[in-house]
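Residue strings, one per chain:
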Amino acid sequence: MTTPRDLRDWIALLEREGELVRVGAEVDPHLEITEIVDRMVKAGGPALLFERPKSEHPLLINQFGTERRMCLAFGAESLDDVGRRLGEVLEMQPPQGLAEKVRGLKKLKSIADSQPKTVRSGPVHDVVLLDDEVDLRRLPIQTCWPGDAAPFITLPAVITKDPRTGGRNVGMYRLQVLDEKTTAMHWQIHKDGRADYLMTDGKLEVAVALGLDPVTAYAASAPLPKHVDELMLAGFLRGEAVELVRARTVDLEVPANAEIVLEGYIAKDELAEEGPFGDHTGYYTPPEPFPVFHVTAMTMRRDAIYPSIVVGKPPQEDAWLGKATERIFLPAIRTSVPEIVDYDLPVAGAFHNCCIVSIRKAYPGHAQKVMHAIWGLGLLSLTKAVVVVDEWVDVHDYEDVFFRVGANVDPKRDVLISEGPLDHLDHAPTLQFYGGKLGIDATHKGPTEGTREWPEEIEMSDEVRRLVDERWEEYGLGAIPEANGRRGASLRQLLRR
Ligand SMILES: Cc1cc2nc3c(=O)[nH]c(=O)nc-3n(C[C@H](O)[C@H](O)[C@H](O)COP(=O)(O)O)c2cc1C
Ligand SMILES: [Mn+2]
């Protein structure tokens, strides 16, 4: 398996696959690009390389905008395959026999090889701009929506170190341009970058990498536990370590093949108003104080390409980054909650608003146990509504889920209202960060849970199905309708427009 080495390799792959269009016309990063991309994303269109976005640097956008491109990025047939590879390592058992031992060693080696490795030099230092030469206005930074406060850098990998442990963190946190040398740093309160910042007494050094190979860029958005380095996940998913070089003015390592790196620092308690920003919730996030990032150096490859993404009312390009996380993390979730068969975070639910989960139900109250497990699991803990269905229900088929909620729920008995932490950006709760949780148990119940005997679901017998299959032509009704037509419907829902 090979995955793109860097952004240029990725662009070349997209071009070979007919997945990228170059736009030669001059376009404005102020709103115009958003309107173009919004139309292309919703049409399932290609990645776009704007060669003249009123800047000396081209702008790449919609690189992640379809399932096919996500799979190309990971060099996989499906996102579930990517998850399975991770699951195999997570579920490693003591090997039995020689063949298994050899396989086990291979898996261990794949973990060892995932560690980023430091190299002496890299193209990211082709151009080094220091102090007075630093000017963010050189970059085609988008103002995405009419109510946005300023241009925002939307697809960064923000690198920091935990001041206590020295452990690295890489996160995708947007940066609002404040002036040519400073930005705001949108570290939401539940995030690891914010934790590093809170632990520091004086200044926290920061490096922001822009224009990475797609897997490393994805990894910055992955919800890993604080002590796990996102670059290690990137290395594992790429099948090849991420190469790093020492940054020029800060004590951090940065991807050697990045297109652009911003180096600088954040001083404790220096805050600026961030926002409004047209967010992935579909609403503008109102202004709120966030830390200020001082850029002290800007390093670049020659003819650096600037990467961007637009978020807004779903679905947008980020839907596919979220779906990748949903699929890749399923095996990891199962290691804590093994009764989970599958789950779905509807794109229209902006990921944190709703989680549909199917379980192998074994005892009374099992659905409620799983709701609480989700409300206690990493960033999934911010989920507002959890819908639990039985193992035979396809969680990606929203019509089937709706049917189960309608058919199997007694609201008085099966709706659980709880409370807990909510997403930083959720504007609905009365208090910011904290509010109600909704659990809906749409599983079958029965006398063990004090209800009447549960009725049997209607199913045609296999015998009659076979008979009709065999005789279909005789009926003269044209092609046989797809037996499992509902899967198509769920895909349509994902991309509903
Ligand atoms: C396009 C995009 C933009 C994002 N912007 C932010 C942001 O501005 N602030 C934030 O806290 N999280 C943002 N996120 C989510 C984080 O990247 C994600 O929660 C990640 O897990 C954070 O890394 P951490 O777990 O190391 O904190 C964004 C995600 C995506 C895909
Ligand atoms: Mn992290």
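All of these numbers come straight from a predicted model, not from anything done at the bench.

### Concerning the coordination of the manganese ion (ligand 2)
Right, so step 1: The coordination sphere of the manganese ion (ligand 2) contains the protein donors Asn169 (OD1), Asp192 (OD) and Glu230 (OE), at a distance range of 2.1 to 2.2 Å.
Right, so step 2: Motif for the manganese ion (ligand 2), donor spacing along one chain: N-x22-D-x37-E. Of the two residues, asparagine 169 sits in strand β8 (residues 168-171) while glutamate 230 sits in helix α8 (residues 230-238), which places them 61 residues apart along the sequence. An identical accessibility class is assigned to asparagine 169 and glutamate 230; each is buried.

### Some details on the packing of helix α4 (residues 79-90) against helix α9 (residues 318-336)
The relative placement of two packed helices comes down to the angle between their axes together with the axis-to-axis distance.
Right, so step 1: Running from N to C, α4 and α9 cross one another at 25 degrees; their axes reach a closest spacing of 8 Å. Between α4 and α9, the interaxial angle falls into the category roughly parallel. α4 and α9 meet at a crossing whose hand is right-handed. Seen from α4, the contacting residues are Leu79, Asp80, Val82, Gly83, Arg84, Leu86, Gly87 and Leu90; seen from α9, they are Lys323, Ala324, Arg327, Ile328, Pro331, Ala332 and Thr335.
Right, so step 2: For the contact of α4 with α9, the residue count by class is eight nonpolar, three polar and four charged.

### A few points about unusual backbone geometry
Right, so step 1: With an omega of 0 degrees, the peptide bond running from glycine 275 to proline 276 counts as cis.
Right, so step 2: Positionally, proline 276 belongs in the loop between β14 (260-274) and β15 (277-278).
Right, so step 3: At leucine 31, a position not held by glycine, the phi torsion is positive, near 70 degrees.
Right, so step 4: In this structure, leucine 31 sits in the loop between β1 (20-23) and α2 (32-42).
Right, so step 5: Note on leucine 31: relative accessible area 27%, which makes it partly exposed.
Right, so step 6: Its identity as a non-glycine residue notwithstanding, phenylalanine 433 has a phi of 80 degrees, on the positive side.
Right, so step 7: Inspection of the secondary structure puts phenylalanine 433 in the loop between β22 (415-421) and β23 (434-441).

### As for the sheet that holds strand β12 (residues 243-246)
Right, so step 1: Across the sheet, which stays open at both edges, the three strands sit in the order β4-β12-β13 with mixed pairing between neighbours. Two strands in the sheet have a free side with no partner beyond their single neighbour: β4 (117-118) and β13 (253-255).
Right, so step 2: The pairing of β4 with β12 spans two bridges and is classified as parallel. Following the sheet pairing, threonine 118 is matched in β12 by leucine 244.

### Regarding the site of ligand 1
Right, so step 1: Contacts to ligand 1 come from 19 residues, most closely from Met172, Tyr173, Arg174, His186 and Asp192.
Right, so step 2: Measuring from an oxygen atom of ligand 1, one finds a side-chain N or O atom of tyrosine 173 at 2.7 Å.
Right, so step 3: Take aspartate 192: an N or O atom from its main chain is 2.7 Å from an oxygen atom of ligand 1.
Right, so step 4: Taken by itself ligand 1 offers 630 Å² of open surface, and the protein chains cover 88% of this.

### A look at the pattern of salt bridges
Right, so step 1: Counting across every chain of the model gives 43 salt bridges.
Right, so step 2: With a closest N to O distance of 3.6 Å, glutamate 253 and arginine 168 form a salt bridge. Here arginine 168 lies in strand β8 and glutamate 253 lies in strand β13, a separation of 85 residues in the sequence.
Right, so step 3: Residue arginine 168 is classed as buried on the basis of its relative accessible area, which comes to 16%.
Right, so step 4: The partner of arginine 413 in a salt bridge is aspartate 414, with the nearest N and O atoms 2.7 Å apart.
Right, so step 5: The exposure class of arginine 413 is partly exposed, given its relative accessible area of 35%.
Right, so step 6: Residues joined in a network through salt bridges with shared partners are Asp80, Lys323, Glu326, Arg327, Asp342 and Asp344.

### Considerations on the packing of aromatic side chains
Right, so step 1: Under the defined criterion, the tally for this structure stands at five aromatic pairs.
Right, so step 2: A centroid spacing of 5.4 Å and a plane angle of 75 degrees characterise the contact between phenylalanine 74 and tyrosine 218, whose relative ring orientation is edge-to-face. With phenylalanine 74 in helix α3 (residues 67-74) and tyrosine 218 in helix α7 (residues 214-219), this residue pair connects regions lying 144 residues apart in the sequence.
Right, so step 3: According to the relative accessible area criterion, tyrosine 218 is buried, its value standing at 0%.
Right, so step 4: Taken together, a centroid distance of 6.4 Å and an interplanar angle of 80 degrees make the contact between tyrosine 173 and tryptophan 187 edge-to-face. Of the two residues, tyrosine 173 sits in the loop between β8 and β9 (175-179) while tryptophan 187 sits in the loop between β10 (182-185) and α6 (192-199), which places them 14 residues apart along the sequence. Both residues of the pair, tyrosine 173 and tryptophan 187, belong to the buried class.
Right, so step 5: Ring pairs connect the aromatic residues Tyr173, Trp187 and Tyr197, which therefore count as one cluster.
Right, so step 6: It is arginine 85 that lies over the ring of phenylalanine 236; its NZ or CZ is 5.2 Å from the centre.
Right, so step 7: Between the NZ or CZ atom of lysine 268 and the centre of the ring of tyrosine 197, over which it lies, the distance is 5.9 Å.

### Looking at a nonpolar patch on the surface
Right, so step 1: Together, Met460, Val464 and Leu467 line one region of the surface with nonpolar side chains, adding up to about 250 Å² of accessible area.
Right, so step 2: Among the structural elements, leucine 467 can be located in helix α13 (residues 462-475).

### Concerning the environment of valine 89
Right, so step 1: Position of valine 89 among the secondary structure elements: in helix α4.
Right, so step 2: On the basis of relative accessibility, which here comes to 16%, the residue valine 89 falls in the buried class.
Right, so step 3: When the C-alpha positions of valine 89 and isoleucine 440 are compared, they lie 33 Å apart, and in sequence the two are 351 residues distant.
Right, so step 4: The residues touching valine 89, leaving out its near neighbours within four places in the chain, are Lys107, Ser110, Ile111 and Phe236.

Cut-offs and rules
- Residues numbered from 1 in each chain as written.
- Chains lettered and ligands numbered in written order.
- Predicted model: local features only at pLDDT ≥ 70, side-chain atom pairs only at ≥ 80, totals over all residues.
- Heavy atoms only, no water.
- Donors = N, O, S within 2.8 Å, 3.2 Å for Na, K, Ca; no water.
- Helix = DSSP H or I, 4+ residues; strand = E, 2+ residues; numbered from the N terminus.
- Buried < 20%, exposed > 50% of the residue type's maximum accessible area, 1.4 Å probe, protein only.
- Axes fitted to C-alpha atoms, helices over the stretch in contact; angles between N-to-C directions.
- Parallel < 35°, antiparallel > 145°, perpendicular 65-115°, else oblique.
- Left-handed = near helix turned anticlockwise from the far one by under 90°.
- Contact = heavy atoms within 4.5 Å.
- Nonpolar A, V, L, I, M, F, W, Y, C, P; charged D, E, K, R; others polar.
- Pairing = 2+ DSSP bridges.
- Near = heavy atom within 4 Å.
- Polar contact = N/O pair within 3.5 Å; in protein donor to acceptor, adjacent residues only side chain to side chain.
- Areas by Shrake-Rupley, 256 points an atom, 1.4 Å probe, with all protein chains shown as cover.
- Salt bridge = Lys/Arg side-chain N within 4 Å of Asp/Glu carboxyl O.
- Phe/Tyr/Trp six-rings, centres within 6.5 Å; stacked < 30°, edge-to-face > 60°.
- Lys NZ or Arg CZ within 6 Å of the ring centre and 35° of its normal.
- Patch = residues over 30% accessible without salt bridge, like charges linked within 9 Å, V, L, I, M, F, W, Y side chains within 5 Å.

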